[in-house]
Amino acid sequence: QVQLTESGGRLVQTGGSLRLSCAASGSISDIGDMRWYRQTPGKPRIWVATLSLRGDTFYAGSAKDRFAISRDSAENSWYLQMNSLKPEDTAVYYCNTFSPQSGVNYWGQGTQVTVSS
C-alpha cells in the first residue's frame, strides 16, 4: 500500500504561484508514474500532469507552459509548481500513482487551490 498526502494549496491572487507537494509513504516500490489531477464541484476529476518513472513529463493543455511537475526521489515526494495562476485553476488538486506491480490506483485526499480574480 502507498499513502499519498498533498499539501500546499491555499488562496492566491490571479497571476500568483503555488507549489503543491505530494508526499508518499508505505510501499514506495509500488509507485509508478506520478500524476496530478484536479476537480471542481460537480465536474469529473481531470488530468493535469504526469511525470513518468523515466523522467518524461506530460501536461494537459491548460497546464502547459505554466505548470511544472517534478520529483524528489530522496524525499519520496513529487511536486506541481504552478505559475501565472488563473481563476479557472481553482480546484481541489489530487496526486495519483498507479502501481503496475499491484494494479492499484492510489490517490491522496486532495488540497484546495483557490485563485481569486
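Reading the values: rules and limits
The residue numbers shown here count from 1 along each chain, following its written sequence. Confidence filtering applies because this is a predicted model: local features only for residues at pLDDT of at least 70, side-chain atom pairs given and counted only at 80 or more, and all residues used for totals across whole chains, interfaces and linings. Hydrogens and water molecules were not included; the side-chain quantities draw on all heavy atoms of the structure. The numbering of helices and of strands both runs from the N terminus, where a helix is a DSSP run of H or I of at least 4 residues and a strand a run of E of at least 2. Throughout, radius of gyration means the C-alpha value; the globule benchmark is 2.2 Å times the number of residues raised to the power 0.38. Only protein chains enter the accessibility calculation, which uses a 1.4 Å probe; a residue whose area is less than 20% of its type maximum is buried, one above 50% is exposed, and one in between is partly exposed. Whether two residues are in contact is decided by their heavy atoms: any pair within 4.5 Å suffices. Only the protein chains shown count as cover for residues, with accessible areas throughout obtained via the Shrake-Rupley method and a probe of 1.4 Å. When charges are tallied, Lys and Arg are placed among the positive residues and Asp and Glu among the negative ones, while His and the ends of the chain are skipped. Charge placement uses NZ in Lys and CZ in Arg. For Asp and Glu, CG and CD serve respectively. Only when DSSP finds a minimum of two bridges between them are two strands counted as paired. The axes used here are C-alpha line fits, helices contributing only the stretch in contact, and every angle between their N-to-C directions lies in the interval 0 to 180 degrees. The working definition used for a salt bridge is a side-chain nitrogen of Lys or Arg within 4 Å of a carboxyl oxygen of Asp or Glu.

So what's going on with the overall build of the chain? Which residues, and what values?
Tallying secondary structure elements over the chain gives zero helices and eleven strands in all. Walking the chain from its N terminus toward its C terminus, one meets helices and strands in the order β-β-β-β-β-β-β-β-β-β-β. The globule rule puts the C-alpha radius of gyration for 117 residues at 13 Å, and the 14 Å found for the chain is close to it. Expressed as lengths along the three principal axes of its C-alpha atoms, the size of the chain is roughly 45 × 30 × 25 Å. Residue burial in the chain is summarised as follows: out of 117 residues, 42% are buried. Long-range pairs, those at least 24 residues apart, make up 52% of the contacts in the chain between residues at least 6 apart in sequence. Taken as a whole, the chain presents about 6000 Å² of accessible surface, with 49% of it coming from carbon and sulfur. Put simply, the chain has 11 plus and 9 minus side-chain charges, and the middle of one group is 6 Å from the middle of the other.

Quick rundown of the sheet that holds strand β3 (residues 18-26)? Include the residues and the values.
Across the sheet, which stays open at both edges, the four strands sit in the order β1-β3-β8-β7 with antiparallel pairing between neighbours. This sheet does not close on itself; its edge strands, each paired only once, are β1 (2-7) and β7 (67-72). With direction set aside, neighbouring strand axes in the sheet form an average angle of 20°. For β7 and strand β8 (residues 77-82), the ladder comprises six bridges, and the chain directions are antiparallel.

Before we move on, could you go through the pattern of salt bridges and cite the residues and values that matter?
All told, the structure shown has three salt bridges when counted by the stated rule. A salt bridge links D89 to R38; its shortest N-O distance comes to 2.9 Å. Taken as a pair, D89 in the loop between β8 and β9 (91-98) and R38 in strand β4 (residues 34-39) lie far apart in primary sequence, 51 residues in all. One exposure class covers both D89 and R38, and it is buried.

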